[in-house]
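Results of the structural survey
For reference, the chains in residue letters:
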Amino acid sequence: MKTLSLRNLQKTYFDPYAGSQVTAVHDVSLDVEQGEFVSVVGPSGCGKTTILNMVAGFIPYSGGEILLDGAAVKGPGPDRGVVFQSFALFPWKTVLENVGFGPKMRGVPKADRDRIAREYLELAGLSHAADRYPNELSGGMQQRVGVVRALANNPAVLLMDEPFASVDAQTRMTLQEELTRIWQERKPTVIFITHDVAEAVFLANRVVVLSKGRVLDQIKVDLPRPRVWDHLMQDETFKRLSAQVLQMVRSA
Amino acid sequence: MIASGQRTGSKTPGSGWVWRTMNSLAGAAVFVAPLLALVAIWAIVVPLFEVNPRIFPSVASVADAAADSIRDGSLIRHIGASLLRVGLGTLIGVVTAVPLGIAMGVSPAVSSFLTPLFRFFSVLAGIAWIPIATLWFGYGFGAIVFVIFNAVFFVVAYNTLLGVSTIPMTIRNAAASLGARRWALLTEVLLPGALPNIVTGVRTGLGFAWRGLIAAEMIATNVGLGYMLFVARDFYRTEVIVLGMIVIGLLWLLIDRLLLVPLERATIERWGLVRRT
């Protein structure tokens, strides 16, 4: 079942430095099935973050349409959870309050939203950090909070914008493995933006390669789950798919 | 304050308060020592050079003046009058400045239009308003509270505006994508996000207000610490003047240390938002 549909999506904006209209997204059409994990990969400037911001409702689109469960998307809303590269946690709220923020906005009573938040913190292995403030946590832990904060709100689609780009390499691999585990448990619909080809293949059911504001190609990833780096690093299919995607990105 | 022991990483939460008390006592000692040294120098120099009491009083005469004014209740009356004016003016200033600052900070256009104005009035705030305030409100309570309000209002409004406009867009976006609407955005994001700047603004504004208060009381009233100083001058009572100066300084240090600094600690530093200079 289709959840999210982008139809001939287009974005042009005025670039004050160039002094002219710039087209960031030319013509992108994309369907995402419910429970699907789609990675969107491409070189910087290919329009991937712009697309995500349009789907999130942070910026308006210039042409085409975005449909979520058949309805046109307009402005940000709790049906689309967002995980940011910069984490964007609320520094003045504890971890528990951060995760319970979405339910709070829905009017869930305090006892219930604390229970929901604790459940999601356990899912991310963060139960011990519930009463801490974000600045007391490492980058990796902060982004775990960022992920479950978005999930705790039960969004129809989870939008992730290079979420692991600002943590160290070891932590990144752990976070990637945890994300695939959480995805298997909860089956959220995910759009994952990245410029890291191996990451895109490792996580997704499908990789969409973007180039200059257009969809260049799409590749199905039928690797078995659970996915663990120790196995996949040696896996022939993984290596072949990664090489294939890398070639596309580099030719883009 | 749940699990504060855990948060600070203390292994024996029960003994935490002992350690904290010792620590704050040590801090107080470091803070008080230079002041005591100054008093000691004063106690030596005045009798040594046989300074004329009309020029500068001895420590003993100031202590006597303090005892007298405490006994007859005049010191408490002056302090009470001054604190009431500062408290009321500050309260009105903060309560009006914060909502205005937030409303302006939300819109970049409004904020960039008003920023120069607020800077102008922040600099002007305080004693420059005393003459016109006495024309508007007459000599007395109203004019002085207005001067205090004025000193606090512009600085706090400007800092609030600054605070709101420095909240990262991604944080506002995060709140919106979690379902926060207008009111929730205000109370859950903009207000706490601007709080570090608001506290800085209140601290700066109160500093201005305190100076403005003393100046205004010299001109526009018949009670208060500024008035106490000014009248003592007419009778060459240097010991009362110096007593007044000491009380003014000490009161400010107490307000700052016991009220404003802990407020900053309780919120901003814990959140990791503080940008100390």
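This report concerns the structure included in the present document. As the structure is a computational prediction, the values presented were derived from the model and not from experiment. (Residues numbered from 1 in each chain as written. Chains lettered and ligands numbered in written order. Predicted model: local features only at pLDDT ≥ 70, side-chain atom pairs only at ≥ 80, totals over all residues. Heavy atoms only, no water.)

Turning our attention to the overall build of chain B. Regarding its fold elements, chain B presents 11 helices and zero strands. Seen in sequence order, chain B has helices and strands lined up from the N terminus as α-α-α-α-α-α-α-α-α-α-α. The principal-axis extents of the C-alpha atoms in chain B amount to approximately 75 × 60 × 30 Å. Sequence separation of at least 24 residues holds for 72% of the intrachain contacts in chain B that already meet a minimum separation of 6. When the accessible area of chain B is evaluated, it comes to approximately 15,300 Å², of which 72% is carbon and sulfur surface. Seen as two clouds, the 20 positive and the 11 negative side-chain charges of chain B have centres 16 Å apart. (Helix = DSSP H or I, 4+ residues; strand = E, 2+ residues; numbered from the N terminus. Contact = heavy atoms within 4.5 Å. Areas by Shrake-Rupley, 256 points an atom, 1.4 Å probe, with all protein chains shown as cover. Lys, Arg positive; Asp, Glu negative; His and termini not counted. Charge placed at Lys NZ, Arg CZ, Asp CG, Glu CD.)

Attention shifts here to the interface of chain A and chain B. In this assembly, 26 residues from chain A lie in contact with 22 residues from chain B. Across the chain A/chain B interface, buried area totals approximately 2,100 Å², and carbon plus sulfur atoms make up 65% of it. In this assembly, chain A and chain B are joined by two salt bridges. Residue E188 of chain B pairs with K93 of chain A through a salt bridge whose shortest N-O separation is 2.5 Å. Linking chain A with chain B are four residue pairs in polar contact (both at pLDDT 80 or more). Elements that contribute at least two residues to the side of chain A that touches chain B include exactly β6 (80–83), α3 (101–105) and α5 (139–151) of chain A. No other element matches α3 of chain A, which puts four residues into the side of chain A that touches chain B. Looking at the side of chain A that touches chain B residue by residue, the classes come out as 14 nonpolar, six polar and six charged. (Buried area = accessible area lost by both parts, 1.4 Å probe. Salt bridge = Lys/Arg side-chain N within 4 Å of Asp/Glu carboxyl O. Polar contact = N/O pair within 3.5 Å; in protein donor to acceptor, adjacent residues only side chain to side chain. Nonpolar A, V, L, I, M, F, W, Y, C, P; charged D, E, K, R; others polar.)

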